[in-house]
Amino acid sequence: MSLSYLWSRSFLTSRPFLWLLFWCNLIGTVYGYIWYGGQLEYTLNYHPLWQIVFVPDSPTASLFFTISIVFLLYPPRFKSLKVIRQIMEALAVVTSVKYGIWASTIIFWGVAQGDHMIWQDWMLVASHTAMAVEALLFVRFFTCKWIALGLAALWTLLNDTMDYTFGIYPYLPQQLTDDVSQVRAFTYMLTLFSIVAGWLAMLARNQKALSHRNTA
């Protein structure tokens, strides 16, 4: 088996691999919501109910990607579901890249200021890095278009605004509690980077599809 085969459409979109990816992401999503349990409970007790949706960032990104895999396994026939699919895929790309990089960076940022890495931290770095990689890897198989990407961009920027306006951003390492303003600036910049990354990946996908049609 050649290395290039592992990156090919025939392998990545094969049903056995998609099902493996689905279960890995679903388990990670469930674990993520459990990990946010304490903050979710605190938010419910001390914040308005509507803010709860903006709290669990990474597991929600993973949920978007998990739903997108379902659409790859079972492509919808109805127009309304096709629209939902495009929105889910765009959200999966932007938020998975953003929070995948964000979580790993925050962990190492805390270590640089004196925090200590434990095995859970390495697990989180590995899983969140995989989130960013798989999102960009699967853009070429997604159906999302520019309008869906724009909606995903607006949602992610809104989520940032809610996080740092109402103090419901993910819990930070203790070493970073006095660096919230820098973390906020980094978060917004990373959102913009993720939007651009998604846009470039979609552009490359469309150009490749166009070149295939022209040579067919």
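A brief look at the structure comes next. (Residues numbered from 1 in each chain as written. Predicted model: local features only at pLDDT ≥ 70, side-chain atom pairs only at ≥ 80, totals over all residues. Heavy atoms only, no water.)

### Quick look at the overall build of the chain
Stage number 1. Along its length, the chain carries 8 helices and 0 strands.
Stage number 2. Starting at the N terminus and walking to the C terminus, you meet the elements of the chain as α-α-α-α-α-α-α-α.
Stage number 3. Computed over the C-alpha atoms, the radius of gyration of the chain is 18 Å, within 12% of the 17 Å expected from 2.2 N^0.38 for a compact globule of 216 residues.
Stage number 4. Across the 216 residues of the chain, 44% fall into the buried class.
Stage number 5. Taking all contacts inside the chain whose residues are at least 6 apart in sequence as the whole, residues at least 24 apart take part in 80%.
Stage number 6. When the 13 basic and 10 acidic side-chain charges of the chain are each reduced to a single mean position, those positions are 27 Å apart. (Helix = DSSP H or I, 4+ residues; strand = E, 2+ residues; numbered from the N terminus. Rg over C-alpha atoms; globule rule 2.2 N^0.38 Å. Buried < 20%, exposed > 50% of the residue type's maximum accessible area, 1.4 Å probe, protein only. Contact = heavy atoms within 4.5 Å. Lys, Arg positive; Asp, Glu negative; His and termini not counted. Charge placed at Lys NZ, Arg CZ, Asp CG, Glu CD.)

### Considering the packing of aromatic side chains
Stage number 1. Enumeration according to the criterion identifies 16 aromatic pairs in this entry.
Stage number 2. Here Phe22 and Trp23 contribute two aromatic rings whose centre-to-centre distance is 5.1 Å and whose plane-to-plane angle is 75°, an arrangement assigned as edge-to-face.
Stage number 3. For Phe22, a relative accessible area of 12% translates into the label buried.
Stage number 4. For Trp23, a relative accessible area of 48% corresponds to the partly exposed category.
Stage number 5. The ring of Tyr74 carries Arg15 above its face, with NZ or CZ at 5.1 Å from the centroid. (Phe/Tyr/Trp six-rings, centres within 6.5 Å; stacked < 30°, edge-to-face > 60°. Lys NZ or Arg CZ within 6 Å of the ring centre and 35° of its normal.)

### Focus on the environment of Trp35
Stage number 1. Locating Trp35 in the fold gives a position in helix 2 (residues 15-35).
Stage number 2. Spatially, the C-alpha atom of Trp35 lies 9.0 Å from that of Pro56, the residues being 21 residues apart in sequence.

### A look at the side chain of Asp163
Stage number 1. Examined against the element boundaries, Asp163 turns out to sit in helix 7 (residues 146-166).
Stage number 2. It is Lys98 that comes nearest to the buried, bridge-free Asp163 among opposite-charge side chains, at 6.5 Å.
Stage number 3. When neighbours within four sequence positions are excluded, Asp163 is seen to be in contact with Phe54, Asp57, Ile168, Tyr169 and Pro170. (Salt bridge = Lys/Arg side-chain N within 4 Å of Asp/Glu carboxyl O.)

### Focus: the nonpolar core
Stage number 1. In terms of nonpolar packing, the biggest core is built from 30 residues, with Phe65, Ile69, Phe138 and Phe142 touching the most fellow members.
Stage number 2. Only helix 2, helix 4 (57-73), helix 5 (79-112), helix 6 (119-138), helix 7 and helix 8 (180-215) provide two or more residues apiece to this core.
Stage number 3. Filtering out sequence-adjacent residues up to four positions away, Phe65 remains in contact with Leu21, Asn25, Ala92, Ser96, Glu134, Ala135, Phe138 and Phe142.
Stage number 4. If you look at the next biggest cluster of nonpolar residues, it comprises 10 residues, including Ile106, Tyr164, Val180 and Val183. (Core = buried A, V, L, I, M, F, W, Y, C linked by side-chain atoms within 4.5 Å.)

### Overview of the pattern of salt bridges
Stage number 1. Applying the stated criterion across every chain yields a total of 2 salt bridges.
Stage number 2. Residues Glu89 and Arg85 are paired through a salt bridge, measuring 2.8 Å at the closest nitrogen-oxygen approach. Of the two residues, Glu89 and Arg85 both sit in helix 5, 4 residues apart, roughly one turn of that helix. Considered together, Glu89 and Arg85 belong to a single accessibility category, that of buried residues.

### Considerations on the packing of helix 5 against helix 6
Stage number 1. Close contact between helix 5 and helix 6 brings their axes to 8 Å; oriented N to C, the two are set at 155°. If you check the angle between helix 5 and helix 6, you find them roughly antiparallel. The two elements helix 5 and helix 6 cross, and the hand of that crossing is left-handed. Residues Ala92, Val93, Ser96, Val97, Tyr99, Gly100, Ile101, Ala103, Ser104, Ile107 and Phe108 of helix 5 pack against Asp121, Trp122, Leu124, Val125, His128, Thr129, Met131, Ala132, Ala135 and Leu136 of helix 6.
Stage number 2. Of the residues assigned to the contact of helix 5 with helix 6, the class counts are 15 nonpolar, 5 polar and 1 charged. (Axes fitted to C-alpha atoms, helices over the stretch in contact; angles between N-to-C directions. Parallel < 35°, antiparallel > 145°, perpendicular 65-115°, else oblique. Left-handed = near helix turned anticlockwise from the far one by under 90°. Nonpolar A, V, L, I, M, F, W, Y, C, P; charged D, E, K, R; others polar.)

### Focus: a nonpolar patch on the surface
Stage number 1. Among the surface-exposed residues, Trp19, Trp23, Ile27, Val70 and Tyr74 lie close enough to one another that they form a single nonpolar patch of about 520 Å² accessible area.
Stage number 2. The leading source of residues in the nonpolar patch is helix 2, at 3 residues.
Stage number 3. The residue Trp19 is located in helix 2 in this model. (Patch = residues over 30% accessible without salt bridge, like charges linked within 9 Å, V, L, I, M, F, W, Y side chains within 5 Å. Areas by Shrake-Rupley, 256 points an atom, 1.4 Å probe, with all protein chains shown as cover.)

Note that every value here comes from positions in space, so none of it alone points to a role or purpose.
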